[in-house]
Structures are given as structure tokens and as C-alpha cells.
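Chain residues, written in single-letter form:
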Amino acid sequence: MREVMPGSPGESHLQAILGTSERAARFYREQVSDRLTPRMCEFISRMEMVWIATADSSGHCDCSFRSGPPGFVQVLADTQLAFPDYRGNGVMASSGNLLENAHIGMWFGDFEQELIGLHVNGRAVILNAAQTGTASPEPDHPGRRPTHWVAVSVEECYVHCRKHLPRLARQPVLRRWGTDSPLHKGGDYFGVASCRDANGTDVGAATSEAAI
């Protein structure tokens, strides 16, 4: 465990301006760890969702959602995690970023029982699914096939307070793992494709330029 974690220069600068240095120091001292506690390990083992933050070598950021069965993010040791990256849209935004910049931020949230969150930050490497022996589909979910795995070396972890977390109620839903069906994937829900002409030009943008 770290006794003191000073944080980044940006954090320290803003803490001084806003008068939160003492409160931040107490949080670093009491709540920030450089390894997973037993309770954190148990928490992760029952999570079905995680949000991951990455950035490329230029600092351009991406935040993405991952889900799977309880414990799909595996605790290998108190400083090691690994999770499968299931087949998605093929863009590889998060993992592509990790090839350029190994830093990763992970956020786990319990919206049903404890109303609490957990931050885990560290460095990641990409592992081919064949290397891990997990390239085959899962027997009970043939579409849930990892394209690769992400292994994370934990550098810091800390609690996310519960005061602003909503309580959610679980509802039955059929998850269509691995599908390419536009209907089941959400299709053009936000109207991006419908706003473009045959050449891929944003019709709205073209209309605005014409008006000018």
C-alpha cells in the first residue's frame, strides 16, 4: 500500500487553486492503493460491466463500454487483471490506442446492491486469443468469442463514492453476442448515415455552407 500518492502536477495545481489540497491528501493517503485489496478482487469478480478509457500517442481519447458474464474481467493477482475483447464493430479503437499508449483507466460500478464504484488505472498489453488458449466460442454463448485479450498491470486503484450513483433495477434482456444484424446492434440510431449523401458528405454541413 502507498502511504501517500501525490497525483499529477495538474491535480496538485488545481487543488491549490480550489483549496482542496488537504482533502485530496487525505484521500490519497486513505483510499488510493497500488494493488487490489481482497474486497476489490471480490468486487471485480462479480462485475458484468466495465468502462475503459484509453488515448493514442497524440492524446486523443476514447471511452468505451465492455460487458460479459460475472467475472469476465479476471483477477490474476493483486496487481494483474485480464479481460476478453469480444467481437464488436471492428474499429479496435480502445485496443488500437493501447498499442500506441499502454495507459488504461477502468471503472467498475455496482448500481444494484452496494451503489459503489471502483477505479483501476494501469498499463495494458494486447494478447492474441490463441496465445491465451481462449480462441474458441463459449459453449453456452457461441457468439461470445474473444478476438483478443487485454492484460492490465495495476498501478493505482481507489473507490468511487456512491452519493451520485443511481440505483438501477435489472431487467431480462436477450444479448445477441457476435451478431452483425443492424437491428440488434442499434443500426443508424443516431442518424449519422441518414444525414450523409451517396458520397459520404454530411448533408447538414453542406447545407450550412451553402447558406453562408
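Placed above this text is the structure.
Residues numbered from 1 in each chain as written. Predicted model: local features only at pLDDT ≥ 70, side-chain atom pairs only at ≥ 80, totals over all residues. Heavy atoms only, no water.

**With respect to the overall build of the chain**
When you go through the chain residue by residue, the secondary structure sums to 7 helices and 7 strands. Counting helices and strands in the order they occur from the N terminus, the chain gives α-α-α-β-β-β-β-α-β-β-α-β-α-α. Burial status across the chain gives 32% buried among its 212 residues. Within the chain, residue pairs in contact and separated by at least 24 positions form 66% of the contacts whose partners lie at least 6 positions apart. (Helix = DSSP H or I, 4+ residues; strand = E, 2+ residues; numbered from the N terminus. Buried < 20%, exposed > 50% of the residue type's maximum accessible area, 1.4 Å probe, protein only. Contact = heavy atoms within 4.5 Å.)

**Let's talk about the environment of aspartate 110**
Relative to the helices and strands, aspartate 110 resides in strand β5 (residues 103-110). Among residues more than four places away in sequence, those in contact with aspartate 110 are Phe43, Arg46, Met47, Leu115 and Ile116.

**As for the sheet that holds strand β6 (residues 116-128)**
The strand order across the open sheet built from 7 strands is β2-β1-β5-β6-β7-β4-β3, with neighbouring strands paired in antiparallel fashion. Strands with a single pairing partner mark the edges of an open sheet, and in this sheet they are β2 (61-67) and β3 (74-77). The mean angle between the axes of side-by-side strands here comes to 35°, regardless of whether they run parallel or antiparallel. Where strand β1 (residues 49-55) and β5 come together, 3 bridges link them in antiparallel fashion. Counted as the bridge partner of tryptophan 51 is tryptophan 107 from β5. Packed onto the sheet, helix α3 (residues 38-45) meets β3, β4 (80-86), β5, β6 and β7 (146-160) and runs at close to 75° relative to β6. (Pairing = 2+ DSSP bridges. Axes fitted to C-alpha atoms, helices over the stretch in contact; angles between N-to-C directions.)

**Re the layout of surface pockets**
Left-over empty space is what a probe sized like a water molecule reveals as it rolls over the atoms. In this model, the largest pocket occupies a volume close to 970 Å³. Taken together, 32 residues make up the lining of the largest pocket; nearest its centre are Phe65, Tyr86, Arg87, Gly88 and Asn89. Within the residue set of the lining of the largest pocket, elements represented by two or more residues are β2, β4, α4 (93-100), β7 and α6 (182-185). When residues of the lining of the largest pocket are assigned to their parent elements, the largest contribution, 6 residues, is made by β2. Classifying every residue of the lining of the largest pocket gives 11 nonpolar, 13 polar and 8 charged. (1 Å grid on protein atoms, 1.4 Å probe; cavity = no way out; pocket = protein on both sides within 12 Å on 5 of 7 lines; lining within 4 Å. Points joined across faces, edges and corners; volume = space filled by probe spheres on them. Nonpolar A, V, L, I, M, F, W, Y, C, P; charged D, E, K, R; others polar.)

**Re the pairing of β4**
Within a regular strand, side chains alternate between the sheet's two faces. The buried fraction of β4 is high, at 6 of 7 residues. As defined by bridge partners, β3 adjoins β4 across 3 bridges and the pair is classed as antiparallel. Within the sheet, the bridge partner assigned to valine 75 lies in β4 and is leucine 81. Connecting β3 to the antiparallel partner β4 that follows it, the hairpin turn spans 2 residues. In this structure, β4 lies alongside β7, joined through 7 bridges in antiparallel fashion. Across the sheet, the residue bridging to leucine 81 is valine 152, located in β7.

**Side note on the pattern of salt bridges**
Counted under the stated rule, the structure contains 11 salt bridges. Of the charged contacts, one joins glutamate 155 and arginine 123 as a salt bridge, the two residues approaching to 2.9 Å between their closest N and O atoms. On the criterion of sequence distance, the pair formed by glutamate 155 in strand β7 and arginine 123 in strand β6 is long-range, its members being 32 residues apart. Beyond isolated ion pairs, a larger network of salt bridges with shared partners links Glu48, Glu112, Arg170 and Arg175. (Salt bridge = Lys/Arg side-chain N within 4 Å of Asp/Glu carboxyl O.)

**Structural notes on the nonpolar core**
Grouped together as the largest cluster of nonpolar side chains are 26 residues, with contacts concentrated most on Leu36, Val73, Leu81, Met106, Phe108 and Val120. Looking at this core, the elements that each hand over two or more residues are α3, β1, β4, β5, β6 and β7. (Core = buried A, V, L, I, M, F, W, Y, C linked by side-chain atoms within 4.5 Å.)

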